[in-house]
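Residue-level structure breakdown
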Amino acid sequence: MATNTNDAVGMPQLDFSTFPNQIFWLVVTLVVIYLILSRVALPRIGSILAERSGTITADIDAAETYKRQASEAEAAYNKALEDARAQAHKIVEEMRADIQADLDVAIQKADAEIAARTAESERRIAEIRDSANEAVEEVARDTAREILALFGVKAEDKAIDDSVSTRVKGGAA
Amino acid sequence: MADANGSLAIRPMDQFVVRPLFGGETVGMFTITNVTLWMALTVLAVTAVMVLGARGRALVPTRGQSVAELAYGFIYKMIEDVTGRDGLRFFPYIMTIFMFVFFANILGLIPWAFTTTSHFAVTAVLALSVFISVTVLGFVLNGAAFLRLFWVDSAPLALRPILAVIEIISYFVRPVSHSIRLAGAMMAGHAVAKVFAGFAAALGVAFVVPVLAVTALYALELLVAVIQAYVFTILTCVYLKDALHPHH
């Protein structure tokens, strides 16, 4: 039934007359593909992949470096903050001590002044009291003399004075 | 099936006929045939994907470059996984085999295409070149120790000679199964598709049924085309592993 080359007789795969042709072109094809792949395509794709993985590795390294730098900066910042806090604390303490010292001196001075003034006041009070006592004594003595004169009693001035002073002192005591 | 006027003819094997492109009846060794045409197209397809796709050398790949990188990485990883790192020096050869089989299978699915990998002549040459290269390589790298491949140390001593015979037979059957698997899968799928298509032409209104069947079959064939390329390549890697590491 097969009258021309377009019709298959049985299995064309087993038509050995075409084998040399197929094998020849297959070998040519394989050699061409091998040359294209090994000379051009594979080195190119390999270098692209290597370059990419290199870039990725480098980028990851850079990222690591930046991360480390950031954490170092953070540590430095924290340390600076800590130092500043300590410094501030120290300054506050010194200030407080200074003020306390000034305050102590001032209080001491004030206390001394108060004591001095108190003493002065007491002294003056005592003076006033003394002078008052003297005035009382004198008034008493004069009064006593006048009374005695009125009654016509003659008395030694000295005796009157002694007696009045004894009485005044005893009353005061 | 074929009648005189040809209207009901279903000739599923016609698509596999090797014929000269520019007239003439005889197919000589250097005749430019449909084999030449479709192998040239295979070369063009490989070049388009692997060379033109990656010509931008972009750090962030374009779509075309991603495909080329994917193919590269896929085979590279396969060799690394199956044979170990010392198999990587054969990467260009295995890549050549994969690229050829893959694109020959895929291009063969175009309607009216000629599928070069459906011919035993082609697959047998591929399988035999793998078989001979691997065997020679095994003896060159390991010397006589390569024969230990057939001597199963883990089996009981009494069984070893029997196992050795079985191992040797299976070793020599490798190129046969390696080549017939690929050509058979390609040829069967295309022939079945052609038969269904012939039914569609013959059935008139009921043509929908075979057309749906052909559609489903086409999807399956696409899968088979990819899987057979994968299987052919991974078997090559497995055989290569035996040459590099003949100890079980």
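Read on for a plain summary of the structure. (Residues numbered from 1 in each chain as written. Chains lettered and ligands numbered in written order. Predicted model: local features only at pLDDT ≥ 70, side-chain atom pairs only at ≥ 80, totals over all residues. Heavy atoms only, no water.)

1. Observations regarding the overall build of chain B
To keep things clear, this is the line we draw: Secondary structure elements are taken from DSSP: a helix is a run of H or I of four residues or more, a strand is a run of E of two residues or more, and numbering for both begins at the N terminus. For every residue, the accessible area (1.4 Å probe, protein chains only) is compared with the maximum for its type, and the residue is labelled buried under 20%, exposed over 50%, or partly exposed between those bounds. Every residue pair with non-hydrogen atoms within 4.5 Å of one another is taken to be in contact. In this description, accessible areas are obtained by the Shrake-Rupley approach with a 1.4 Å probe, and a residue is regarded as covered only by the protein chains that are shown.
Scanning chain B from N- to C-terminus turns up six helices and zero strands. Along the longest, intermediate and shortest principal axes, the C-alpha atoms of chain B span 65 × 55 × 40 Å. Within chain B, buried positions represent 46% of all 248 residues. Long-range pairs, those at least 24 residues apart, make up 66% of the contacts in chain B with a sequence separation of at least 6. Carbon and sulfur atoms provide 75% of the accessible area of chain B, an area that totals close to 12200 Å².

2. Comments concerning helix α1 (residues 19-151) of chain A
All names here are of chain A. Worth spelling out the cut-off: To estimate the expected span of a helix, count its residues, drop one, and scale the result by 1.5 Å. Note that bend, as reported per residue, equals the angle between axes fitted to the 7 residues terminating at that residue and the 7 residues originating from it.
Spanning 133 residues, α1 covers 186 Å between terminal C-alpha atoms, matching the ideal 198 Å at 1.5 Å per step. At Leu-37, α1 shows its maximal bend, which comes to roughly 45°. Looking one or two residues past α1, Gly-152 carries a phi angle of roughly 75°, positive in sign.

3. Observations regarding the packing of aromatic side chains
Residues and elements named next belong to chain B. Applicable threshold: Any two rings among Phe, Tyr and Trp, with Trp reduced to its six-membered ring, count as a pair given centres within 6.5 Å; such a pair is stacked if its planes are under 30 degrees apart, edge-to-face if over 60, and tilted if neither.
Considering all chains together, one arrives at 18 aromatic pairs over all chains under this definition. Aromatic side chains Phe-139 and Phe-146 sit 5.0 Å apart centroid to centroid with 70° between the ring planes, which places their arrangement in the edge-to-face category. Ring centres of Tyr-171 and Phe-172 lie 5.7 Å apart, and the angle between their planes is 80°; this geometry places the pair in the edge-to-face category.

4. Side note on a negative patch on the surface
The following threshold applies: Nonpolar side chains (Val, Leu, Ile, Met, Phe, Trp, Tyr) are joined into patches within 5 Å and like charges within 9 Å, using only residues with over 30% relative accessible area and no salt bridge. Salt bridge, as used here, is a side-chain nitrogen of Lys or Arg placed within 4 Å of a carboxyl oxygen of Asp or Glu. Charged residues are defined narrowly, with Lys and Arg counted positive, Asp and Glu counted negative, and His plus the chain ends left uncounted. A charge is said to be at NZ when it belongs to Lys, at CZ for Arg, at CG for Asp and at CD for Glu.
Together, Asp-130, Glu-134, Glu-138, Asp-142 and Glu-146 of chain A make up a negatively charged patch on the protein surface. Along the chain, the position of Asp-130 of chain A falls in helix α1.

5. What about the interface of chain B and chain A?
The criterion, for reference: A simple way to read buried area is as the amount of 1.4 Å-probe accessible surface that goes missing from two parts once joined, with both sides added.
At the interface, 49 residues of chain B touch 40 residues of chain A. Buried surface at the junction of chain B and chain A, both sides included, amounts to about 4100 Å², of which 72% is carbon and sulfur. Our enumeration of links across chain B and chain A arrives at one salt bridge. Residue Arg-52 of chain A is joined to Glu-69 of chain B by a salt bridge in which the shortest nitrogen-to-oxygen separation is 2.7 Å. For the side of chain B that touches chain A, the elements supplying multiple residues, two or more each, are α1 (34-52), α2 (63-83), α3 (91-107) and α4 (120-142) of chain B.

6. With respect to the pattern of salt bridges
Think of it this way: side chains of opposite charge can pair up when their charged atoms draw near. Counted by the stated rule, this structure contains 15 salt bridges over all chains. Here Arg-141 of chain A and Asp-161 of chain A are joined by a salt bridge, their closest N and O atoms 3.3 Å apart. Of this pair, Arg-141 of chain A sits in helix α1 while Asp-161 of chain A is found in helix α2 (residues 157-172), placing the two residues 20 residues apart along the sequence. Linking Glu-80 of chain B and Arg-85 of chain B is a salt bridge whose minimum nitrogen-to-oxygen distance equals 2.3 Å. Through salt bridges that share partners, Glu-137, Arg-141, Arg-145 and Asp-161 of chain A make up one connected network.

7. Some points on the side chain of Thr-117 of chain B
By the element assignment, Thr-117 of chain B lies in the loop between α3 and α4. Residues contacting Thr-117 of chain B, with those up to four places away along its chain left out, are Phe-100, Val-101, Ala-104, Asn-105, Thr-123, Leu-182, Ala-183 and Met-186 of chain B.

8. What about the nonpolar core?
How we decide: Joining through side-chain atoms within 4.5 Å is the link that ties buried Ala, Val, Leu, Ile, Met, Phe, Trp, Tyr and Cys residues into a set, and such a set is a nonpolar core.
With 68 residues, the main nonpolar core has Leu-37 of chain A together with Met-50, Met-95, Met-99 and Phe-100 of chain B as its most contacted residues. Mapped by element, the contributors of at least two residues to this core are α1 of chain A together with α1, α2, α3, α4, α5 (160-203) and α6 (208-244) of chain B. Residues contacting Phe-100 of chain B, with those up to four places away along its chain left out, are Leu-26, Thr-29, Leu-30 and Ile-33 of chain A together with Met-39, Thr-42, Thr-116, Thr-117, Val-122 and Leu-126 of chain B. Counting six residues, the second-largest nonpolar core is a separate cluster that includes Met-13, Phe-120, Met-187 and Ala-191 of chain B.

9. So, unusual backbone geometry
Only a minority of non-glycine residues have a phi that is not negative, and only a minority of peptide bonds are not trans. Residue and element names in this part refer to chain B. The backbone phi angle of Arg-57 is positive, close to 50°, even though this residue is not glycine. Here Arg-57 shows up in the loop between α1 and α2. Even without a glycine there, the phi angle at Trp-112 is positive, about 70°. Here Trp-112 shows up in the loop between α3 and α4.

10. Remarks on the packing of α3 of chain B against α6 of chain B
All names here are of chain B. Quick reminder of the rule: For helices, the fitted axis covers only the stretch in contact; all axes are lines through C-alpha atoms, and the angles between them, taken along N-to-C directions, range from 0 to 180 degrees. Oblique is the label for any angle not covered by the other classes, which are roughly parallel (under 35 degrees), roughly antiparallel (over 145) and roughly perpendicular (65 to 115). Crossing handedness is read from the near helix: turned anticlockwise from the far helix by less than a right angle, it gives a left-handed crossing, and turned clockwise, a right-handed one. Residues are sorted three ways: Asp, Glu, Lys and Arg are charged, Ala, Val, Leu, Ile, Met, Phe, Trp, Tyr, Cys and Pro are nonpolar, and all the rest, Gly among them, are polar.
Following both chains from N to C, one finds α3 and α6 inclined at 160°, their axes separated by 9 Å at the closest point. Comparing the axis directions of α3 and α6 gives the class roughly antiparallel. Crossing of α3 over α6 shows right-handed handedness. Of the residues in α6, those touching α3 at Ile-94, Ile-97, Phe-98, Val-101, Phe-102, Asn-105 and Ile-106 are Leu-222, Ala-225, Val-226, Gln-228, Ala-229, Tyr-230, Phe-232, Thr-233, Thr-236, Cys-237 and Leu-240. Tallied by class, the residues present in the contact of α3 with α6 amount to 14 nonpolar, four polar and no charged.

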